[in-house]
There are 2 protein chains.
Amino acid sequence: MGRVKRIAILGSTGSIGRQALDLIRALPDELKLVALTGDKNLELLERQIREFQPKMFCSSVKLDNSYGGEFLSVEEMVSHPEVDFVIVATAGKAGLSPTLAALKAGKTVALANKEVLVMAGEIIVHEASLHQTQILPIDSEHSAIWQCLQGEENKPQRLFLTASGGPFYHYSQPQLAEVTPEQALQHPVWKMGRKVTIDSATLMNKGLEVLEAHWLFSFPFDSIEILIHPQSIVHSMVEFMDGSLKAQLSWPDMRLPIQYALSYPQRWPNPELPRLDWNKANSLNFEPVDYDKFPCLKLAVDAGKSGGTYPAALCAADEMAVELFLSHKISFTDIATIVQKTLGQHQNISQPSLEEILAADDWARECATRLCLDHYKQPERPSNLGIER
Amino acid sequence: MGRVKRIAILGSTGSIGRQALDLIRALPDELKLVALTGDKNLELLERQIREFQPKMFCSSVKLDNSYGGEFLSVEEMVSHPEVDFVIVATAGKAGLSPTLAALKAGKTVALANKEVLVMAGEIIVHEASLHQTQILPIDSEHSAIWQCLQGEENKPQRLFLTASGGPFYHYSQPQLAEVTPEQALQHPVWKMGRKVTIDSATLMNKGLEVLEAHWLFSFPFDSIEILIHPQSIVHSMVEFMDGSLKAQLSWPDMRLPIQYALSYPQRWPNPELPRLDWNKANSLNFEPVDYDKFPCLKLAVDAGKSGGTYPAALCAADEMAVELFLSHKISFTDIATIVQKTLGQHQNISQPSLEEILAADDWARECATRLCLDHYKQPERPSNLGIER
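Going along each chain's sequence as written, the residues are numbered from 1 onward. Chains carry letters from A onward and ligands carry numbers from 1 onward, assigned in written order. Reporting of local features is limited, given that this is a predicted model, to residues whose pLDDT is at least 70; pairs of side-chain atoms are given and counted only at 80 or more, and all residues count toward the totals for whole chains, interfaces and linings. Side-chain calculation: all heavy atoms of the structure are included, whereas hydrogens and water are not.

**Student:** In this structure, what is going on with the overall build of chain A? I would like to understand it.
**Tutor:** Only DSSP runs of H or I reaching four residues or more are called helices, and only runs of E reaching two or more are called strands; each is numbered from the N terminus. In terms of helices and strands, chain A carries 15 helices and 13 strands. For a compact globule the rule gives 2.2 Å times the number of residues to the power 0.38, and the radius of gyration it is set against comes from C-alpha atoms. Here chain A has a C-alpha radius of gyration of 21 Å; the compact-globule value for 389 residues is 21 Å, and the two agree. Seen through its principal axes, chain A has C-alpha atoms that stretch 60 × 50 × 40 Å. Exposure classes here rest on a 1.4 Å probe applied to the protein chains alone. A residue is buried below 20% of its type maximum, exposed above 50%, and partly exposed in between. A burial count over chain A gives 60% of its 389 residues as buried.

**Student:** Teacher, can you tell me more about the confidence of the model for chain A here?
**Tutor:** Atomic detail in the predicted coordinates should be set aside for any region of low pLDDT. pLDDT measures the predictor's confidence residue by residue and takes values from 0 up to 100. Counting all residues, the mean pLDDT for chain A is 93, and 95% of those residues have values of 70 or more. Taken together, the chains of this predicted complex give a pTM of 0.94 and an interface ipTM of 0.94.

**Student:** So what exactly am I meant to see when it comes to the environment of Ser236(A) here?
**Tutor:** All names here are of chain A. Secondary-structure assignment places Ser-236 in strand β10 (residues 234–239). Given a relative accessible area of 0%, Ser-236 falls into the buried group. Any pair of residues with heavy atoms lying within 4.5 Å of one another is described as a contacting pair. Sequence-distant contacts of Ser-236, that is, excluding residues within four places in its chain, are made with Glu-141, Ala-144, Ile-145, Phe-160, Leu-161, Thr-162, Lys-246, Ala-247 and Gln-248.

**Student:** What am I meant to see in the packing of helix α5 (residues 115–130) of chain B against helix α10 (residues 204–216) of chain B here?
**Tutor:** The geometry of a pair of packed helices is captured by two quantities: the angle between their axes and the separation between those axes. All names here are of chain B. Taken N-terminus to C-terminus, the directions of α5 and α10 make an angle of 20°; their axes are 8 Å apart at the nearest point. The angle between α5 and α10 places the two elements in the roughly parallel class. Considering how the two elements wind past one another, α5 and α10 form a crossing that is left-handed. From α5, Glu-115, Leu-117, Val-118, Gly-121, Glu-122 and Val-125 reach across to α10, where they touch Leu-208, Leu-211, Glu-212, Trp-215 and Leu-216. Grouping the amino acids of the contact of α5 with α10 by side-chain chemistry returns seven nonpolar, one polar and three charged. Angular values range over 0 to 180 degrees, each being the angle between N-to-C directions of two axes fitted as lines to C-alpha atoms, with helices fitted over their stretch in contact. Should an angle fall under 35 degrees it is taken as roughly parallel, and over 145 as roughly antiparallel, whereas 65 to 115 is taken as roughly perpendicular and any remaining angle as oblique. Two helices that cross are described as forming a left-handed crossing if the nearer one is turned anticlockwise from the farther one by less than a right angle, and a right-handed crossing if clockwise. Residues are sorted three ways: Asp, Glu, Lys and Arg are charged, Ala, Val, Leu, Ile, Met, Phe, Trp, Tyr, Cys and Pro are nonpolar, and all the rest, Gly among them, are polar.

**Student:** In this structure, what is going on with the interface of chain A and chain B? I would like to understand it.
**Tutor:** At the interface, 46 residues of chain A touch 46 residues of chain B. A combined buried area of about 3900 Å² lies between chain A and chain B, and 49% of that area is made up of carbon and sulfur atoms. Buried area counts how much accessible surface, traced with a 1.4 Å probe, disappears from two parts once they are put together, with both parts' losses summed. Summed over the three residues of chain A that lose the most area to chain B, namely Asp242(A), Arg267(A) and Trp278(A), the buried surface amounts to 21% of that side. Whenever a carboxyl oxygen of Asp or Glu lies within 4 Å of a side-chain nitrogen of Lys or Arg, that contact is scored as a salt bridge. Summed over the shared surface of chain A and chain B, the result is six salt bridges.

**Student:** Even after reading the chapter, I still don't get the sheet that holds strand β3 (residues 56–58) of chain B, so can you show me in this structure?
**Tutor:** Where strands meet in a sheet, backbone hydrogen bonds hold them as pairs that are either parallel or antiparallel. Residues and elements named next belong to chain B. Being paired, for any two strands, means DSSP has found at least two bridges between them. Ordered in space as β4-β3-β2-β1-β5-β6-β7, the seven strands form an open sheet in which the pairing is parallel. If you trace the sheet from one side to the other, it starts and ends with β4 (70–71) and β7 (135–137), each paired once. Summarising the sheet, strand β6 (residues 108–111) and β7 pair through three bridges and their orientation is parallel. Looking at β7, one finds that Ala-110 is bridged to Leu-136.

**Student:** Help me understand the packing of aromatic side chains, please; the structure alone is not making it clear to me.
**Tutor:** Where two aromatic rings form a pair, the distance of their centres and the angle of their planes describe that pair. Only centres within 6.5 Å qualify two rings of Phe, Tyr or Trp (six-membered ring in Trp) as a pair; their planes then separate them into stacked at under 30 degrees, edge-to-face at over 60, and tilted for everything else. Tallying each qualifying case throughout the model produces 20 aromatic pairs over all chains. Ring centres of Trp146(A) and Tyr260(A) lie 4.9 Å apart, and the angle between their planes is 70°; this geometry places the pair in the edge-to-face category. With Trp146(A) in helix α6 (residues 140–149) and Tyr260(A) in helix α11 (residues 255–263), this residue pair connects regions lying 114 residues apart in the sequence. With relative accessibility at 2%, the residue Tyr260(A) sits in the buried group. For the pair Phe168(A) and Phe332(A), a centre-to-centre distance of 5.4 Å together with 75° between the ring planes defines the contact as edge-to-face. In this pair, Phe168(A) sits in the loop between β8 (158–163) and α7 (173–177) while Phe332(A) sits in the loop between α13 (310–326) and α14 (334–345), placing the two residues 164 residues apart along the sequence. In this pair, the class of Phe168(A) matches that of Phe332(A), namely buried. Put simply, the rings of Phe168(A), Tyr171(A), Phe325(A) and Phe332(A) touch in pairs and so form one group of aromatic residues. As a reminder, the over-ring test applies to NZ of lysine and CZ of arginine, requiring each to be within 6 Å of the ring centre and within 35 degrees of the ring normal. Taking the ring centre of Phe240(B) as reference, the NZ or CZ of Arg267(A) above it sits at 4.4 Å. Stacked on the ring of Tyr169(B), the Lys or Arg Lys293(B) has its end atom at 5.5 Å from the ring centre.

**Student:** Help me understand α14(A), please; the structure alone is not making it clear to me.
**Tutor:** The periodicity of an α-helix, 3.6 residues per turn, causes residues three or four positions apart to be oriented the same way. In this model, α14(A) (12 residues) spans 17 Å end to end at C-alpha, consistent with the 16 Å of a helix rising 1.5 Å per residue. Those residues of α14(A) that sit buried are Asp334(A), Ile335(A), Ala336(A), Thr337(A), Ile338(A), Val339(A), Thr342(A) and Leu343(A). Each helix should span, by expectation, one fewer than its residue count multiplied by 1.5 Å.

**Student:** Where do I start with the pairing of strand β10 (residues 234–239) of chain B in this structure?
**Tutor:** Every other side chain in a regular strand lies on the same face of the sheet, so the side chains alternate between the two faces. All names here are of chain B. β10 sits mainly inside the fold: six of its six residues count as buried. Taken together, the four bridges between strand β8 (residues 158–163) and β10 define a ladder with antiparallel strand orientation. Of the residues in β10, the one forming a bridge with Arg-158 is Glu-239. Bridge count for β10 against strand β11 (residues 245–249) is five bridges, and the pairing is antiparallel. When the sheet's bridge partners are listed, Ser-236 is paired in β11 with Gln-248. Count of turn residues in the β10/β11 antiparallel hairpin: five residues, of which Gly-243 carries a positive phi of about 90°.

**Student:** How should I be thinking about the packing of helix α1 (residues 15–26) of chain A against α11(A) in this particular structure?
**Tutor:** All names here are of chain A. At a minimum axis distance of 10 Å, the contact between α1 and α11 shows a crossing angle of 60°. The angle between α1 and α11 places the two elements in the oblique class. Where α1 crosses over α11, the two elements pack in a sense that is right-handed. Together, Ile-16, Gln-19, Ala-20, Asp-22 and Leu-23 of α1 and Arg-255, Ile-258, Gln-259 and Leu-262 of α11 make up the contact between the two elements. Considered class by class, the residues forming the contact of α1 with α11 number five nonpolar, two polar and two charged.

**Student:** Got a minute to help me understand the side chain of Ser164(A) in this structure?
**Tutor:** All names here are of chain A. Assignment of secondary structure puts Ser-164 in the loop between β8 and α7. What makes Ser-164 buried here is its relative accessible area of 15%. By the criterion applied in these results, polar contacts are pairs of N or O atoms within 3.5 Å in which, for protein atoms, one can donate a hydrogen and the other can accept it, and in which residues neighboring in sequence qualify only through two side-chain atoms. Of the polar contacts made by the side chain of Ser-164, one reaches the backbone nitrogen of Gly-166; its length is 3.0 Å.

**Student:** Looking at this structure, how should I read the relation of the copies chain A and chain B?
**Tutor:** Turning one copy of the chain about an axis and sliding it along that axis gives the other copy, so a rotation and a shift relate them. Only residues with pLDDT of at least 70 in both copies count here: their C-alpha atoms drive the least-squares fit that superposes the copies. Expressed as a screw operation, the relation of chain A to chain B combines 0.0 Å of axial shift with a rotation of 180°, fitting to an RMSD of 0.0 Å. Taken together, these values place the two copies in the relation of a two-fold axis. The C-alpha atom lying nearest the rotation axis in chain A is that of Gly151(A); the distance is 1.9 Å. When you check the interface residues of chain A against chain B, 100% turn up at the interface there too, and the contact is symmetric in its surfaces.

**Student:** Please clarify how the domain arrangement of chain A should be interpreted in this entry.
**Tutor:** Many structure descriptions define interface size as the accessible area lost when the parts assemble. Residues and elements named next belong to chain A. What counts as a domain boundary in this text is fixed by an automatic or database domain assignment. The domains assigned to chain A are domain 1 (5–137) and domain 2 (145–246 + 290–375). The straight-line distance from the C-alpha centre of domain 1 to that of domain 2 is 24 Å. Between domain 1 and domain 2, the contact holds 19 residues from the first and 26 residues from the second. Summed over both sides, the interface of domain 1 with domain 2 buries roughly 1900 Å², with 71% coming from carbon and sulfur. In terms of surface lost to domain 2, no three residues of domain 1 exceed Lys-114, Val-118 and Met-119, which account for 34% of the buried area on that side.

**Student:** Help me understand the pattern of salt bridges in this model?
**Tutor:** A side chain with one charge can pair with a side chain of the opposite charge if their charged atoms come near. All chains considered together, the criterion is met by 54 salt bridges over all chains. With a shortest N-O distance of 2.6 Å, Glu51(A) and Arg25(A) are connected by a salt bridge. A residue pair is termed long-range when its members are at least 10 positions apart, and Glu51(A) in helix α2 (residues 42–52) and Arg25(A) in helix α1 qualify at 26 residues. A relative accessible area of 44% places Glu51(A) in the partly exposed class. For Arg25(A), a relative accessible area of 41% gives the class partly exposed. Here Asp199(B) and Lys195(B) are joined by a salt bridge, their closest N and O atoms 2.6 Å apart. Of the two residues, Asp199(B) and Lys195(B) are both situated in helix α9 (residues 194–202); the distance of four residues between them amounts to about one turn of the helix. Residue classification places Asp199(B) among the buried residues on the basis of a relative accessible area of 2%. The exposure class of Lys195(B) is partly exposed, given its relative accessible area of 23%.

Next up, the structure:
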C-alpha cells in the first residue's frame, strides 16, 4: 500500500478532526499522525496529544510536551519536511493562511474547511497549480464528484450536488420564522458542528458547496445543479456529454470521504466503515431545489457568480448571523436577511488580494452586527427583519 | 477525436444492430460502416446495404452488390484488415464462431450477444487475452459496471446488477402460470427482440447477465447480487472495499451503451441521446430479488457456478422453451420447468472444447423438445408441467 502517510490535522478537536483521528487509529499501517492543532476544546486536545504523541503541535495555550513534542506555529507545522499530507479541518477563515502555507510547501491538502475555497478560491487554486500540488475534497458531495470523475477523459457537462434539504425543507414561510436554535441543531442525517448544522438548515451550506465545486473542478456555476435528496445516500452525481451519469453512494459517514482523500488513488479496506444495506436504502428520492424558499442558497450562488470579495463578505455575514440566531437574538429567517443586507451594502473588490479578502471579512462582520443592533433599537420590533426577495 | 473507426455489425437488422446504425448515421466523423451481416429480415438488410453501401456484407441469400460491395463469409469479414471494431449483435449461438474469428484477428469486439460469453466464456476470455484484444460490453448493465470501474485501481467487492423485474414481478404463482405470450412481449421499459423480452419476464435474462458479468469482469458469482429496480434508471452499481459505491444512470436507451463502447475511453457528445430529467426520475426504488419466485434466475446462476457445458445446455433449452411458449405450446411457468428438467438430464463436460459446447447445445435442444412432446402425449394434461423447487 505504499509508504506510511505522515499526517497533520488542523482542527483535531472538531467533528472532522476527530473522525480523521479515528481513521489514523484504524489504519496504523497506512497513516501516522505527526502534527495536531486545536483551539476551542483544550481538554480534548490534551487527551489527543497524550494518545498520539505527535512530533509537533500547536494550540492557543502551552500544553504538556514532556514526551518530546515540539510546539510550533501552524504555518511552521504544515510546511515541516516530516509532513506529507495536511487535513484542514478548521472552520471559517482560520484555514486560509495555513492552507496557503501548506500549498506553498508543496504538501497535499485535504480540505474540509470550505470557507478557504469560498473566500479565496482563485488565490488557492493558483497556488496549488503554481506548486504542482493537489487540493483534495473532504466534503461528502465533492468527494462523490471527484470519485465519479476518476478515469474520465472528457470534462462533464453538469454536476448535481445533492442536499438532504435539512430538517425544515417542507416548512412554510411562517413556520420557518418560528424555528428555534434547538430545533435547527437537530440535523436529520449528519452529525456535524453547530455552525455547519445551521448552514445546512438554511441551505447556505449547499450554496457554499456550489462555490467550492466551482473552484475544485473549475466548473461554471450554471452547470452546477442542486437536487434535494432526503436520504443522503447518493452524495452527488456527474453528467457526461453522452447523457450518462455517474453517482457515488454510501451510508452517510464522513469517515469515507476522509479515508478516500487519504487512500487516493487507491482504496483501503476498513471494516469500520458501514456498508449500504439495500433492504434499508430501498427508496431514493430526488427533486430540484426550491431556490425561493431558501434565500441563503441563492445569495451564496449569486455571490459566487459576482466574485471578488462578495463570497468573503457572505461567509462573514453568515457566520455572525448564525451566532446571533444561536444566541436567540434573531429569528431563523433573519439569517438570510442579515446576509442579504450586508451584501447589499458591500463595496466589491474584484481579483482581491488575501489582505483585501480578510478586510472584507472584517467589514462584513461589523456590518452584520450593526444591522442586528439597528434592528433592536427600533421601537416596534417586527416578528422578523423582513426578507426581501 | 482520433481517426474514424471502421465498423462491422453482425446482426444489423435486429434491435441492437439498427440502433448501432442510428449512431453511425449520427456520428459520421467518428464512425464508418464497412461490413454488415443480417439474416432474418432480408428486406431491411437490402435497404441498409443500399443506404450504407458497405465494402463487405454477408447474408443467407445473394443480394445486389452492383455498387461494388463484396460478398464474404462472416469469419472473413470480421478478420478483414479494413475492420477495426466488430459489433456482435446477433442472438444465441450465432455469435460464437464470428466472435472467436474477430478476437483471433485482434479486433476489438463489442458484445451484445450475451450467449457468446454464457456458453463459451472461458474460451472467449482466453482468446481475447491471447490476442491482447478487448471485449467491450454493450448490455446496459455491463456497460454501467464497466463505466463505474474506470480509473479504479482496486478490484471491487460486490457488483449489483439491477433488474426492472419485468412486467410480472408482483404476480402470484397462479397468475404467472396464466401469462400469455402477448402479455409477456410487453416489456415495461425496454424495446427489445422477442426472445430477450421473454427472458426478461422470466428473469432468465438477468441470470445470463450474471454469467456475462462473471466472465467480463472475472468476478466470483457469490459477489454478484441482483437488485430489482423498476425504473431502470440505475443500470448497475459497483461496491468498493471502503464501502463506497458507484452507479451509472441514464434514461433507458440502448444507444448509450453502444456509443460508449464505440467512444471508449472517450465520450462523444450526441444530442440525439436523451438526458435524465430529475422532475421525472424523482423516485428510484430497489429491493433484493426473490430467487424463489423466478426459478430461471437461480437455474442460470447455478449453471454458471457448475460451469462446463451446463451454461450451453441452459441457453439452448431456454431458447427452445421460449419458442414453445411463444407458439402457445407451453405455459409461461413451463419455461423454467423445461430448462430445469433438461439440465437435470444433462451429462456435464468440464472445460469443454467449442465442439463439445455446440454438441451440448444440440443435445439440449432435442431434450427440451422431447420433454415438451412427452408432456403432450400424456392423456391428462395438467395446467402446467409442474415446477419442482
